[in-house]
Amino acid sequence: MALRLVAPVDGPATQTSAAPATGAAAVAQVTNRAAGLLDAHDLDGWRALVAAAAELVDHHDRYLARRLLLESVLRNRAQTGAQNAERLLAGAIAAVEGLEDTPREPVLLNFAGVLLYELGAIVAAEALFRAAQRLDPDLADVAANLRECKRRRQQGITTPQGLPPQVLRALRDLGPRAQRAAQKAVPATGQTVSLCMIVKDEEAMLPRCLAAAAEFVDELIVVDTGSTDRTIAIAESFGARVLHHEWDGDFSAARNVGLDAATSDWLFYLDADEVLVEGDGPRLRELLGHTWREAIFLTETNHVGELEDGAAVQHNALRLFRNRPEYRFEGRVHEQFAHKLPTLGERIAYTQVRIEHFGYLGAVRDAKEKSRRNLELLERQIAEGVDTPFLHFNLGSERAAAGDVAGSLVHLSRAWEKVADDPERLEYGYFPSLCARLVKALNANGRHQDAIAQADQILAELEGFTDLVLEQAMAYRALGDRDAAIAHFERCIAMGDAPARFSATVGAGTFHARNLLAETFIDAGRLADAEAQLHHVLEHFPAFIGAVEPYARVLLRSGVPAAEVVARIDALVPEPTPGQRFLLAVPFYESGAVDEAATQLQTVLAAQPGAHAARVALAEAQLSAGDLAAAAATALAIPADAPHGPAAAQTALFARTAAGAESALLDEAFAYAAAAGTDPAQLAVFAAWRGGDDGVGGDLLIPAAAAPLVAVMLEALARLEDFDGFERLAGVVELLDLPWREQRELLAVVYYRRGFLESAANEWFGVVQRLGAPDERALLGMALLAEAQGLHDDARTLRDEAATLSSTAA
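Residues numbered from 1 in each chain as written. Predicted model: local features only at pLDDT ≥ 70, side-chain atom pairs only at ≥ 80, totals over all residues. Heavy atoms only, no water.

**Some details on the overall build of the protein chain**
- Looking only at helices and strands, the protein chain features 38 helices and eight strands.
- Over its C-alpha atoms the protein chain spans a radius of gyration of 36 Å, topping by over 25% the 28 Å that the globule rule assigns to 810 residues.
- Referenced to the eigenvectors of the C-alpha coordinate spread, the extents of the protein chain come out at roughly 120 × 60 × 55 Å.
- Out of the 810 residues in the protein chain, the part that is buried amounts to 53%. (Helix = DSSP H or I, 4+ residues; strand = E, 2+ residues; numbered from the N terminus. Rg over C-alpha atoms; globule rule 2.2 N^0.38 Å. Buried < 20%, exposed > 50% of the residue type's maximum accessible area, 1.4 Å probe, protein only.)

Take a look at the structure:
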């Protein structure tokens, strides 16, 4: 459903309070006098502020005022020891009284512990610190506070010392009260959560989403915006309450329908193309007890490209939040509400509860036309006068997804211009993604130097953002600076993947960086270094599809037998996916290990009978092995109207024509080719090759566009050593609508590539004889022949003569 590219915030979450301005003013009115009253040692006046804070209407304001008042006590230093003790006691009493009403407040538990520690009540302080840590193990300073308590106990100091009598008397009662409050500071029980979704025609994706999440939520609200498939029935089968909302192009309005209907303590939202990771449901339930939080970020992995590619981006996704009426979405697309959350960091949590998002996969986006739909909605916002950096960021992102790299750069650059001088830009949730996508867009548009410079500028602010260094490495590689590229890929590996708060690409500091480094080593001829990097990737990331093919290619180039290559890869990747096996077949086929290639492709087809690309490849492997009948049968098993139908038709026609198949089998292949939409020029080639005894099929003239196909077929016949078939097809060359010289040189190149140097020489010499004298092209052709025969001096002389003719002509 709604496409989210980042934790959607159009402004700094730390700048806008969820409370209205009057509430913020009320907090200031209560707390601004605190310092003056404490300086005057007017503790009754300070206590009156505490009472006033408790009367504030908004719950966020009440908490913030309490916190600020306790901080004022800790910051203030009275002139005498007695006054200091009385001040600390007033603060401790106020803190404990607040915790007796609301004990699940880690920050306030820590503050209360500090106040009692300063008064010497070490036992009570330690109980409060432990309670704070129990609720929030990552709370700043609490671990150090516990260590300090332990040090005091080891010194034998556990009770108040040298305090005024009235303070000591008060502490005798306050210490036990504090300990009882600490005991009650445990996560809440009985909390409920509603999963709220908006859907339309999601029968393909919805079952998996609901199956993963339904048992871990208390209420399931599904807002349907006009499904015509089985979506509603599927939702109801999982116990969902389905609400119907007429689609008006506004994702926020649709999503808010579900939030308004939810009755649980917490709200959790997913889209149909998202899945709660197996095993994380119980951890999600645990978070419901964290009632001191207002919102909780989960870790979302966005799978991009194709699923087997292993390409993914991680970011912190705000998906779980308290059910409060002020938390509602805004924005037609890439809807957002994070700017409405309270400003205090302790009210927000970042967790490792995981969800996977499959909506960015190419097949999913294509099937649902997501890019087109999102672009229409975003452009509508532009027409309505919206001109925010967040909107341009999303427009740039959608244009990139649609393949419009130039348009993407325009909008991403516009977004950057709008935030470049904004001092709060680091607080924007989308800012890291904007940075990464802008640099990527610069590279995609060939502006590699600009990409490097832009990345350097951003890295000064976002230190540790590996994705940017990876883009720099690829920019250097595109510029031909291999050493700089290698240095930057190695820097990525040293950095590791960037943290999820950067919406980082998974593998930018691990398998992607090593794979790209290996490719660069291959370009440099450093096969041993490339092998080491690829071995590491497959050993530690066996599911990454991109390393299998180059690893096999490097091993084969290094002289490792194909059977041993298979054994090594099987040891590293014990359960290869069909995609990995398909890619593995490619270097085997290209290196002549046809049997190994065929074995991999047959395994792919056993797992995925509809993998037509693998079936075409298997037919080609069977052709290379000389099994023409099997090749034709394999190719014809592909439906003619499938995308791979034309390629299958070529294979079937070639196999049966080369085999001299009987007329009925040839007719079947030609009928299949016609149904597959084979180009008429290509059909004319096969018809001519099939023709009469003279092999030329009459006076047919074949379009020149078919010449590359003829050359490929001739090379295949030479490889098969089918000289009779070669001779018949060579006659077809004369029917190509090409000048006589082009025909002869086509044959010369085929002979040369297959090692038939004498035949190649005959063709080139025939051209020279007809010309009367060699020209530049003929000389370069003869230089190739001389080089192939080891006549390097002759080859150099011929190339020099060709160069002389070229310069003279110029």
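Moving on from the coordinates now.
**Structural notes on the pattern of salt bridges**
- Taken as a whole, this structure holds 46 salt bridges when the rule is applied.
- Of the charged contacts, one joins lysine 440 and glutamate 471 as a salt bridge, the two residues approaching to 2.8 Å between their closest N and O atoms. In this pair, lysine 440 sits in helix α18 (residues 431-444) while glutamate 471 sits in helix α20 (residues 466-478), placing the two residues 31 residues apart along the sequence.
- In this structure glutamate 471 comes out as buried when scored by relative accessible area, which is 6%.
- Sharing partners across several salt bridges, the network here consists of Arg741, Glu742, Glu745, Asp775 and Arg777. (Salt bridge = Lys/Arg side-chain N within 4 Å of Asp/Glu carboxyl O.)

**Overview of the packing of aromatic side chains**
- The final tally for this structure, using the stated rule, is 16 aromatic pairs.
- Ring centres of phenylalanine 723 and phenylalanine 756 lie 6.2 Å apart, and the angle between their planes is 70°; on these two criteria the pair is classed as edge-to-face. Residue phenylalanine 723 is located in helix α34 (residues 723-733), and its partner phenylalanine 756 is located in the loop between α35 (740-753) and α36 (757-771); the two are separated by 33 residues in the primary sequence.
- Its relative accessible area of 48% is what places phenylalanine 723 among the partly exposed residues.
- Given a relative accessible area of 30%, phenylalanine 756 falls into the partly exposed group.
- Above the face of the phenylalanine 329 ring, arginine 255 is positioned so that its terminal group lies 5.6 Å from the ring centre.
- The aromatic ring of tyrosine 63 is capped on one face by arginine 347, whose charged end is 3.5 Å from the ring centroid. (Phe/Tyr/Trp six-rings, centres within 6.5 Å; stacked < 30°, edge-to-face > 60°. Lys NZ or Arg CZ within 6 Å of the ring centre and 35° of its normal.)

**Description of unusual backbone geometry**
- The phi torsion at aspartate 201 lies on the positive side, around 50°, for a residue other than glycine.
- With respect to the helices, strands and loops of the structure, aspartate 201 is situated in the loop between β1 (193-199) and α10 (206-213).
- Residue serine 503 is not a glycine yet carries a positive backbone phi of 50°.
- Here serine 503 is to be found in the loop between α21 (482-495) and α22 (511-523).

**Quick word on the environment of alanine 669**
- Here alanine 669 lies in helix α31 (residues 663-675).
- Residues alanine 669 and phenylalanine 654, spaced 15 residues apart in sequence, show a C-alpha to C-alpha distance of 9.2 Å.
- Those residues in contact with alanine 669, other than ones at most four positions away along the chain, are Ala652, Leu653 and Arg656. (Contact = heavy atoms within 4.5 Å.)

**Here's the deal with the pairing of strand β3 (residues 241-244)**
- The sheet contact formed by strand β2 (residues 219-224) and β3 spans four bridges and is parallel. Residue pairing across strands places valine 222 opposite valine 242, the latter belonging to β3.
- For the handedness criterion, the β-α-β arrangement of β2, helix α11 (residues 231-237) and β3 is classed as right-handed. (Pairing = 2+ DSSP bridges. Right-handed = clockwise from strand over helix to strand, strands pointing away.)

**Re the side chain of arginine 581**
- Of note, arginine 581 is situated in helix α26 (residues 578-590).
- Within the buried set, arginine 581 has no salt-bridge partner at all; the shortest N-O distance to an opposite charge, 4.9 Å, is to aspartate 570.
- One polar contact links arginine 581 to glutamine 600, side chain to side chain, over a distance of 2.9 Å.
- Apart from residues no more than four positions distant in its own chain, arginine 581 is found in contact with Pro576, Gln600, Thr603 and Val604. (Lys, Arg positive; Asp, Glu negative; His and termini not counted. Polar contact = N/O pair within 3.5 Å; in protein donor to acceptor, adjacent residues only side chain to side chain.)

**Focus on the packing of helix α33 (residues 707-720) against α35**
- Axis separation between α33 and α35 bottoms out at 10 Å; the angle between their running directions is 30°. One finds that α33 runs roughly parallel with respect to α35. Between α33 and α35 lies a crossing whose hand is right-handed. Contact with α33, carried on its side by Ala707, Ala711, Leu714 and Glu715, involves Leu746, Leu747, Val750 and Arg753 of α35 and no other residues of that element.
- Across the contact of α33 with α35, the residue classes tally to six nonpolar, no polar and two charged. (Axes fitted to C-alpha atoms, helices over the stretch in contact; angles between N-to-C directions. Parallel < 35°, antiparallel > 145°, perpendicular 65-115°, else oblique. Left-handed = near helix turned anticlockwise from the far one by under 90°. Nonpolar A, V, L, I, M, F, W, Y, C, P; charged D, E, K, R; others polar.)

**Some remarks on α33**
- Its 14 residues give α33 an end-to-end C-alpha distance of 20 Å, which sits within 8% of 20 Å, the value for a rise of 1.5 Å per residue.
- A large share of α33 lies buried, amounting to ten of its 14 residues.
- Looking at α33, one finds that the buried residues are Ala707, Leu709, Val710, Ala711, Met713, Leu714, Glu715, Ala716, Leu717 and Ala718.
- Each element contacted by the buried residues of α33 is listed here: α30 (645-658), α32 (680-690), α34 and α35.
- Note on α33: the residue one or two positions beyond its end, glutamate 721, has a positive phi of about 60°. (Expected span 1.5 Å × (residues − 1).)

**Things to note about the nonpolar core**
- Core analysis: the largest hydrophobic core is formed by 81 residues, its most contacted members being Trp416, Leu434, Phe465, Leu468, Val565, Ile569 and Phe588.
- Examining the composition of this core, we find that eight residues originate from one element, α18, more than from any other.
- With residues up to four places along the chain from it excluded, the contact list for phenylalanine 465 reads Pro432, Ala436, Leu459, Met495, Ala498 and Phe502. (Core = buried A, V, L, I, M, F, W, Y, C linked by side-chain atoms within 4.5 Å.)

**Considering the environment of aspartate 260**
- Relative to the assigned elements, aspartate 260 resides in helix α12 (residues 251-261).
- Only 2.7 Å separates the side chain of aspartate 260 from the side chain of arginine 328, close enough to count as a polar contact.

**Focus: the packing of helix α17 (residues 405-419) against α18**
- Closest axis-to-axis distance for the α17/α18 pair is 9 Å, and the angle between their directions is 140°. Relative to α18, the element α17 lies oblique. The hand of the α17/α18 crossing is left-handed. Of the residues in α18, those touching α17 at Val405, Ser408, Leu409, Leu412, Ser413, Ala415, Trp416 and Val419 are Phe431, Leu434, Cys435, Arg437, Leu438, Ala441, Leu442 and Ala444.
- Here the contact of α17 with α18 is built from residues that sort into 13 nonpolar, two polar and one charged.

**Quick notes on the confidence of the model for the protein chain**
- Chain-level statistics for the protein chain give a pLDDT mean of 88 and a share of 91% at 70 or above.
- This model gives residues 361-368 a pLDDT under 50, and the stretch forms 20 contacts once residues within four places in sequence are excluded.
- This stretch, residues 692-697, has a pLDDT under 50; its non-local contacts, to residues over four places away or in other chains, come to ten contacts. (pLDDT = per-residue confidence, 0-100.)

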